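Reading the structure
Given next are the chains, with one letter for each unit.
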Amino acid sequence: MVDRLVNSEANGRRIAYVEQCFGASGQPLFVPGRALVGEGVLTKMCRKKPKPRQFFLFNDILVYGNIVINRKKYNQQHVISLEDVKLEDVQDEGSPFYTKDGKPALRNGWKLISPSKSFVVYAATSTEKHQWMSHIKKCVDDLLMKQGKTQNTENDSPVWVPDSEAALCMHCKKSQFTLINRRHHCRKCGIVVCKDCSSNKWLLPQQASKPLRVCLTCYQSLSNTKTSVPLPNTHLDDSSGDSSSDDDEEPSNQDVNEGQFQSYD
């Protein structure tokens, strides 16, 4: 299937169009042997709330970005290598339509876990969820077989706990979050913590080239492992986001949920 896609003119045109939609803010996506397998809109669980994101599945990478103009313009491009991607099913929440607090229930979701970034996404329907998961798994399996590798199961990035699930620091259980006392995330375990409980940084090479904020428990655990690399505790930014966060970007158009998974195989 992939060989047929790679060698087709349509595949080259599709990849060129994706590059065009991201513009100068995106990286080049066309490389020999790469094929665009499918695309569609998924709801990504971000730090503050669920938001629609455009996803592109290639045979070796997964690309997603913020929707500026649906099917025409995207920004905040993120590229995840598929060789270490793992999928975990997420149980549907609430009733078929709403949660206990009256909010729309999030359904048809799964965790996308990798060393560089991990998060939860939701499809519009169970059929679409199955299509996405089966296509991603097939691409991962084919890629590992082609490379003769086994999947790395260590050093995966955590799935961040959403801000809305933590009124208090999840480490000290005392500090209450306010407009002044802001939420932060431990980049090692993903919990929401206060500034005092995340005053240390540690180099997590799979996530970034610079030291990242970690909670006191993770800092102690990392300090006790021989393979870890400690770094000086330089100034910590007060922002709970990081350089790869896409939480601050909102889609400018409202017609972003119509896109279902479009397969090219």
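In what follows, the accompanying structure is described. (Residues numbered from 1 in each chain as written. Predicted model: local features only at pLDDT ≥ 70, side-chain atom pairs only at ≥ 80, totals over all residues. Heavy atoms only, no water.)

Attention now goes to the environment of K72. Its location among the elements puts K72 in the loop between β3 (61-69) and β4 (73-81). Between the alpha carbons of K72 and Q20 there is a distance of 8.5 Å; along the sequence they are 52 residues apart. Residue contacts for K72: discarding those within four places in its chain leaves Y17 and C21. (Helix = DSSP H or I, 4+ residues; strand = E, 2+ residues; numbered from the N terminus. Contact = heavy atoms within 4.5 Å.)

The subject of this paragraph is unusual backbone geometry. One non-glycine residue, R71, adopts positive backbone phi at about 65°. Phi is positive for K173, close to 60°, though the residue is something other than glycine. Relative to the helices and strands, K173 is located in the loop between α3 (126-147) and β8 (184-185).

Take the nonpolar core next. In terms of nonpolar packing, the biggest core is built from 22 residues, with F55, L57, L82, W132 and I136 touching the most fellow members. Among the secondary structure elements, those contributing two or more residues to this core are β1 (36-45), β2 (50-58), β3, β6 (109-113), β7 (119-122) and α3. At seven residues, the largest contribution of residues to this core is made by α3. In this view, F55 contacts G38, E39, G40, L42, L62, V63, Y64, F119, V121 and W132; residues no more than four positions away in its chain are not counted. Among the nonpolar cores identified, the runner-up in size contains 18 residues, and I191, V192, V193 and A208 belong to it. (Core = buried A, V, L, I, M, F, W, Y, C linked by side-chain atoms within 4.5 Å. Buried < 20%, exposed > 50% of the residue type's maximum accessible area, 1.4 Å probe, protein only.)

A few words on α3. An ideal rise of 1.5 Å per residue puts 32 Å on 22 residues; α3 measures up with 32 Å between its terminal C-alpha atoms. All of the buried residues in α3 are E128, K129, W132, M133, H135, I136, C139, V140, L143 and L144. For α3, the arc enclosing every buried residue in end-on projection is 165°, short of the 170-degree limit, so these residues lie on one face. Every exposed residue of α3 that faces more than 90 degrees away from the buried side is listed here: T127, H130, M145 and K146. (Expected span 1.5 Å × (residues − 1). Arc of directions from axis to C-beta.)

Counting across every chain of the model gives nine aromatic pairs. Arranged with centres 6.2 Å apart and planes meeting at 65°, the rings of F22 and F56 form a pair that is edge-to-face. Of this pair, F22 sits in helix α2 (residues 9-22) while F56 sits in strand β2; the two residues are 34 residues apart in sequence, bridging distant segments of the chain. Judged on exposure class, the residue F22 and its partner F56 are both buried. Chaining the aromatic ring pairs together yields one cluster made of F55, Y64, F119, W132 and F261. When the ring centre of F58 is taken as reference, the NZ or CZ atom of R34 above it lies at 6.0 Å. A cation sits over an aromatic face here: K44 above F119, 5.1 Å from the ring centre. (Phe/Tyr/Trp six-rings, centres within 6.5 Å; stacked < 30°, edge-to-face > 60°. Lys NZ or Arg CZ within 6 Å of the ring centre and 35° of its normal.)

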